[in-house]
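# Structural characterization, general
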Amino acid sequence: MAKDHGSQIKDDSLYEELRKQGNSKEKAARIANAKANGSLDHRSTHLEDRSKADLMKEAREIGIEGRSKMDKVALVKAIRNHK
């Protein structure tokens, strides 16, 4: 049974699974809450399929330093390695 993480986390079991996989608290919360409210974007599940602008937006949201100087390949790598 999933622990109750408070009212800010809408899907506690998904949040816990994402944390076990090594995702940051912020990323796990965003994914769990988006899935719970049905707003999880399924158009591009692979980072490589997303536009550079989308990758820049995500990098900004999760706080990746030096993103403005990165190309698309570097952004994908930085997002994947963010914990």
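The structure this text deals with has already been given above.
An account of the accompanying structure is given in this report. (Residues numbered from 1 in each chain as written. Predicted model: local features only at pLDDT ≥ 70, side-chain atom pairs only at ≥ 80, totals over all residues. Heavy atoms only, no water.)

## Observations concerning the side chain of Lys-27
Threshold: By the criteria applied, helices consist of DSSP H or I runs no shorter than four residues and strands consist of E runs no shorter than two, each listed in order from the N terminus. Residues are treated as being in contact if the distance between any of their heavy atoms lies within 4.5 Å.
Following the sequence through the fold, Lys-27 ends up in helix α2 (residues 25-37). Beyond its immediate sequence surroundings of up to four residues, Lys-27 is in contact with Glu-58 and Ile-79.

## Digging into the packing of helix α3 (residues 52-62) against helix α4 (residues 72-81)
Worth spelling out the cut-off: Here an angle of 0 to 180 degrees is reported between the N-to-C directions of two axes, which are lines fitted to C-alpha atoms, with helices fitted over the stretch in contact. Crossing handedness is defined as follows: a turn of the near helix away from the far one that is anticlockwise and smaller than a right angle gives a left-handed crossing, while the clockwise case is right-handed.
Packing of α3 against α4 brings their axes to within 10 Å, and their N-to-C directions diverge by 35 degrees. When you trace α3 past α4, the crossing you get is left-handed. On α4, the residues touching Lys-52, Leu-55, Met-56, Glu-58, Ala-59 and Ile-62 of α3 are Lys-72, Leu-75, Val-76 and Ile-79.

## Observations regarding the environment of His-46
As a reminder, the rule being used: Accessible area is worked out with a 1.4 Å probe on protein chains only. A residue is then buried under 20% of its type maximum, exposed over 50%, and partly exposed in between.
By the element assignment, His-46 lies in the loop between α2 and α3. Owing to a relative accessible area of 48%, His-46 belongs among the partly exposed residues under this scheme. Distance from His-46 to Val-76, taken between C-alpha atoms, is 9.5 Å for residues 30 residues apart in sequence.

## A closer look at α3
Since one α-helical turn is 3.6 residues long, residues separated by three or four positions face the same way. Formally: The arc in question is traced by the directions running from the helix axis to the C-beta atoms.
Among all positions in α3, only Leu-55, Glu-58, Ala-59 and Ile-62 are buried. In an axial view of α3, the angular spread of the buried residues amounts to 100 degrees, which keeps them on one side of the axis. Of the residues in α3, the exposed ones pointing more than 90 degrees away from the buried face are Ala-53 and Arg-60.

## Details of the pattern of salt bridges
Using the following cut-off: By salt bridge we mean one thing: a side-chain nitrogen of Lys or Arg within 4 Å of a carboxyl oxygen of Asp or Glu.
Applying the stated criterion across every chain yields a total of 2 salt bridges. Glu-48 is paired through a salt bridge with Arg-80; the nearest N and O atoms lie 2.8 Å apart. With a gap of 32 residues between them, Glu-48 in the loop between α2 and α3 and Arg-80 in helix α4 connect regions that are remote in the sequence. We note a salt bridge from Arg-50 to Glu-58, for which the minimum N-O separation is 2.8 Å. Note on accessibility: Arg-50 and Glu-58 belong to one class, buried.

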